[in-house]
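An overview of the molecular structure
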Amino acid sequence: MLPQVGGKAANLGELAGAGLPVPPGFCLTTDAYVSALSTSGLDEVCAALESTSTVDLARLNGLAGQARSLVLDAGIPAGIAEAVRSAYEGLGENVPVAVRSSATAEDLPFASFAGQQDTFLNVVGADSVLDAVSRCWASLWTDRAVAYRATNGIEHASAALAVVVQEMVDSAAAGVMFTANPVTGKRSETVIDASPGLGEAVVSGAVNPDQYVVDMARGAIVKRTLGDRRVEIRALPGGGTQRTQRSRKESPGDPGDTPAAAVQPCLSDRQIKDLAELGRMVEKHYGAPQDTEWAMDSNGKLWLTQARPITTLYPQTTRTPPAPGVHSFLNFSLAQGLTRPLTPMGLAGIRLIASCVAKTAGFAVPDPRSGPSPYYEAGQRIFFDLTSVLRSRVGRKIVPRVFDVMEARSAMLMRSLFDDPRFSVTNKTPLRLIRHVAPVAAKYRVPESLLRGLFRPNAALARVERLSSELRKALAVPGKATAHQRVAHVQRILGSELFATVPQILPLPVLGFAMLALVGRMLGGQATHDEMQTVIRGLPNNVTTEMDLALWQLASQIREDNDAAASMAGQSTEALLERYRDAELPAVAQSGLDGFLHAYGHRAVAEIDLGMPRWGDDPTHILGVLANYLRLQPGAGAPDEQFRRAVDEAEEQVAKFVGRARAISPLHAMAVRTALDRTRRFAGLRELPKYNLVLGLAAAREQLLLVGKELAASQRIEHPEDVFFLDLDAVENALAGADLRDAVAEHRAAYEQELRRRHIPRMLLSDGTEPEATAGANAEQRPGTLSGSPASAGLVTAPARVIMDPVGAHLEPGEILVAPSTDPGWTPLFLTAGGLVMEMGGPNSHGAVVAREYGIPAVVGVPDATTRLRTGQLITVDGVAGTVSAEGAQGGDA
């Protein structure tokens, strides 16, 4: 039905069919639009629009204007005009109607086009209706509608317009109603905006309306805010509308008004509750929260004039917690620096790893492929149920402190829930924690690892090397394995092999940071925060730093070969990729890149998702970074020089600390020297557990691609890579003969939809509420300054470069990188960045640590930085104060 009548008409027809109150009317289908414009020349404009960049607004707007002119000039064919006259006369004699656009790309689950096409109110007479129809058709090509389609990847030629003609409701009051709170996400709250007269004043934002919030669970009106009545739109006899605008003094509710002249609610409590109940019926019919438009006539009867999905709500978890009451979920994807959704197979891999962790800790996991009980998914991202942590006295002490350094704003949100009676402490002893941690510590001999690191550091490092080597052997799969055997190997790798290295390696970096904290306690005021941070710069044994420097070293080798550098200069990434795949790069570049990818080709952007291509599969990102490096001349600012300088500064700071300790006693000096030696040796190992995890994910990906090739060859899926849009159960079904091409297409479409989502909550309650959006979660605003967590000391002023995806990104040397978050796949960009601003993260998140390694000022945990800052804007990053100052920024504290 949607292709024939568009979103608005389809929704109105469905509402009427469900017995809900909808004004009578008729619909002019998209066939009329297509017929009328078949020879108008609109196809040429559509082709030009498709070839125009989404950022070239001037050209988009110019083409949109051409399209509108073509539509208006085409007019309405006689046969169509006669059909409209007949249908209009069927409503009655000169009945006032609303003529409303209904686009085929309108009011979809992922993109609401509300208000982007025109509506004409109180139209009287057949000729006036025909004129309004023509103008509705032209409104499909407004600048805003064209830009919106371009941004959302909707083909212009596929968009068509139906027109709804409905009897006007001469409304005493009208407005909009959301059946879930669109600001906080709370699903049990209905929010009603209302104003006297026609609803156009509310829909267009011309008036500050009354707002009523109804708690549907209790049937209670929990908030009531009265509007200012400064704008009112009424229908005029004989057609058209009148807009009455009052000054502040003329409006009721002025501070000097008498009580009789004060603003009165335009809806009674009974009408508010009846309207909310009508909204509940609409939501029940659609099975999802709805954004509705409504009107109440002079007799008090309620009418629905539109219903569409609320596209801005973040999805709720895919399963409901078994325990009653409200639950709190932490977005683990964001904690890992990942804003994008995970592929279905990526989520399946994480479920297996999480199940392994839970089983090792003594939790029951009936089905490892479904994940452990605290594991949830929402919006194709990873969430964990944090309710038991919030209700535990020990959990409240430990977990927020961990997130203070991982993702500081998440820690703040956790603490904001401490006073919520729904999460009051019920577990006051550490016994439950000990019961689950002790088996892991015992099985992997964690105390022994700590003692070895403290007293036999060389042996501890040798053991780490041995563990990594053993993991690589465990990841091997026989070359002649069958597809079923490969799936079993994937389950073995992810479900048992990978996690084992974490509790055997992680104690060493924990020991390293603990030793640093011990020195801070021993020296007290003689060891400042900045001095302590200097000690952990230029760390050895950091696999991510080693990777970045290896790529820089390759760039240096190419630069030293004048012919090689000249042959690669100025070439696009695509051209370099083609030359690399054809083995036609200069020898130093070809062999050097082969060696780099042999060592690090298992890494990727968003690498915890095994559905994401590895650098070895697609080295586009690495070639782009390499091209950027070649434009940066060697010298004092070169990354390898910076790293060597950081090492020297760290060693000098260690010597200063030892000297200060010696002034206390020789024993203090020996303890400080030993402690800082362990810090320098082991702190860099913090990256190794994840590095090994990604190594295992890459091995699993390799096996699944081989299975995908077999499934594609047997036409169970279209392409080998489609296997990542299935989970393991589905893959086994495909191997058993099921054709899953339609399922893959459906999963790809859902994934692409989630990729477009910009707002990702850090925490989510089971009733849909986002704690960050509720009152009190945001600090007082400071215009012109964005605030977050200080991550790397220093002050820099430079142009910003907002980058949402590092693949193919261009960063001029010295520019400040502004990103939603970062994982190791981003860090090659750090080498040329002048500073770093991230929306996510804490002082010890990955991006912050690497920024300190390279000595670039960084501020992390800055909400909405990628939308509040723009590329080219001059900004100042203060890595000590944790602030970002910008000219023309929409400022506010984090």
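So, here's what we can say about the structure. (Residues numbered from 1 in each chain as written. Predicted model: local features only at pLDDT ≥ 70, side-chain atom pairs only at ≥ 80, totals over all residues. Heavy atoms only, no water.)

**Remarks on the pairing of strand β15 (residues 381-385)**
Burial within β15 is extensive, with 4 of its 5 residues counted as buried. Bridge count for strand β13 (residues 328-331) against β15 is 3 bridges, and the pairing is antiparallel. In the sheet register, N331 faces β15, and the bridge partner there is F383. (Buried < 20%, exposed > 50% of the residue type's maximum accessible area, 1.4 Å probe, protein only. Helix = DSSP H or I, 4+ residues; strand = E, 2+ residues; numbered from the N terminus. Pairing = 2+ DSSP bridges.)

**What about the nonpolar core?**
If you look at the biggest cluster of nonpolar residues, it comprises 124 residues, and the most contacted ones within it are L494, F657 and V731. Of all the elements, helix α29 (residues 688-713) adds the most residues to this core, at 11 residues. When near neighbours in sequence (up to four residues on either side) are disregarded, V731 contacts M345, V487, V707, L711, V723 and L726. Formed by 43 residues, the second largest nonpolar core is a distinct cluster that contains Y33, A36, V71 and L91. (Core = buried A, V, L, I, M, F, W, Y, C linked by side-chain atoms within 4.5 Å. Contact = heavy atoms within 4.5 Å.)

**Notes on the pairing of strand β2 (residues 97-103)**
Within a regular beta strand, the side chains point alternately toward one face of the sheet and then the other, so they alternate between its two faces. For β2, a buried count of 7 out of 7 residues is recorded, marking the element as mostly surrounded by other parts of the structure. The side-chain alternation of β2 yields two buried faces, one formed by V97, V99, S101 and A103 and the other by A98, R100 and S102. Looking at chain direction, β2 and strand β3 (residues 119-123) are connected through 3 bridges and run antiparallel. Considered in β3, the bridge of V97 is made with V123. Two elements, β2 and strand β4 (residues 161-167), share 7 bridges in a ladder whose sense is antiparallel. In the sheet register, R100 faces β4, and the bridge partner there is V164.

**Quick notes on helix α17 (residues 457-474)**
Given a rise of 1.5 Å per residue, 18 residues ought to cover 26 Å, and the 26 Å separating the end C-alpha atoms of α17 matches this to within 8%. Those residues of α17 not exposed but buried are P457, A460, L461, R463, V464, L467, S468 and L471. One side of α17 holds all its buried residues, which, seen down the axis, span an arc of 155°. Those residues of α17 that are exposed and aimed more than 90 degrees away from the buried face are N458, E465 and K473. Buried residues in α17 make contact with α16 (446-455), α18 (483-497), α19 (502-505), α20 (507-523), α28 (666-682) and α29. (Expected span 1.5 Å × (residues − 1). Arc of directions from axis to C-beta.)

**Regarding the sheet that holds β3**
Within a sheet, each strand pairs with its neighbour through backbone hydrogen bonds, oriented either parallel or antiparallel. Spatially, β1-β4-β2-β3 is the arrangement adopted by the 4 strands of the open sheet, whose pairing is antiparallel. Each of the sheet's edge strands pairs with one partner strand only, and the pair in question is β1 (25-28) and β3. On average, adjacent strands in this sheet sit at an angle of 20° to one another, irrespective of strand direction. Across the sheet, helix α6 (residues 126-139) is in contact with β1, β2, β3 and β4; its angle to β2 comes to roughly 25°. (Axes fitted to C-alpha atoms, helices over the stretch in contact; angles between N-to-C directions.)

**What about the packing of aromatic side chains?**
Within a pair of aromatic rings, the relevant descriptors are the distance that separates the centres and the angle that separates the planes. Inspection of the entire model under this criterion finds 10 aromatic pairs. Ring geometry for F329 versus Y376: centroids 4.8 Å apart, planes at 55°, classification tilted. Note that F329 is positioned in strand β13 and Y376 in strand β14 (residues 375-378), a separation of 47 residues in sequence. Each member of the pair F329 and Y376 is classed as buried. Geometrically, the ring pair formed by F596 and Y600 is tilted, given 5.2 Å between the ring centres and 45° between the ring planes. Residue F596 and its partner Y600 are both found in helix α25 (residues 587-600); the two are separated by 4 residues, about one turn of the helix. (Phe/Tyr/Trp six-rings, centres within 6.5 Å; stacked < 30°, edge-to-face > 60°.)

**Considering the sheet that holds strand β12 (residues 302-309)**
Reading across the sheet, the 6 strands line up as β8-β7-β6-β5-β11-β12 and stay open at both edges, with antiparallel pairing between neighbours. Bordering the open sheet on either side are β8 (220-225) and β12, each of which pairs with just one other strand. Going from strand to strand, the sheet's axes swing by 20° on average, the running direction of each strand aside. Where helix α9 (residues 269-286) meets the sheet, it contacts β5 (171-178), β6 (189-196), β7 (210-215), β8, β11 (290-297) and β12, and its direction lies at approximately 40° from that of β12.

**Notes on a nonpolar patch on the surface**
On the surface, a cluster of nonpolar side chains totalling about 300 Å² of accessible area is made up of I398, V402, L433 and V437. Every element with two or more residues in the nonpolar patch is listed here: α13 (393-406) and α15 (431-443). Here V437 is to be found in helix α15. On the basis of relative accessibility, which here comes to 44%, the residue V437 falls in the partly exposed class. (Patch = residues over 30% accessible without salt bridge, like charges linked within 9 Å, V, L, I, M, F, W, Y side chains within 5 Å. Areas by Shrake-Rupley, 256 points an atom, 1.4 Å probe, with all protein chains shown as cover. Salt bridge = Lys/Arg side-chain N within 4 Å of Asp/Glu carboxyl O.)

**Quick notes on the pattern of salt bridges**
As enumerated under the stated definition, the model contains 41 salt bridges in all. The closest approach of N and O atoms between R741 and E718, which form a salt bridge, is 3.9 Å. Placement of the pair is R741 in helix α31 (residues 741-755) and E718 in the loop between α29 and α30 (728-735), with a sequence separation of 23 residues. Put simply, D739 and R741 hold a salt bridge, and the shortest N to O gap is 2.7 Å. The exposure class of D739 is partly exposed, given its relative accessible area of 45%. Residue R741 is classed as partly exposed on the basis of its relative accessible area of 29%. One network of salt bridges, in which partners are shared, links R100, D291, E293 and R308.

**Points about a positive patch on the surface**
There is a patch of like positive charges on the surface, built from R393, K397, R401 and K428. Looking at the secondary structure, you find K397 in helix α13. (Lys, Arg positive; Asp, Glu negative; His and termini not counted. Charge placed at Lys NZ, Arg CZ, Asp CG, Glu CD.)

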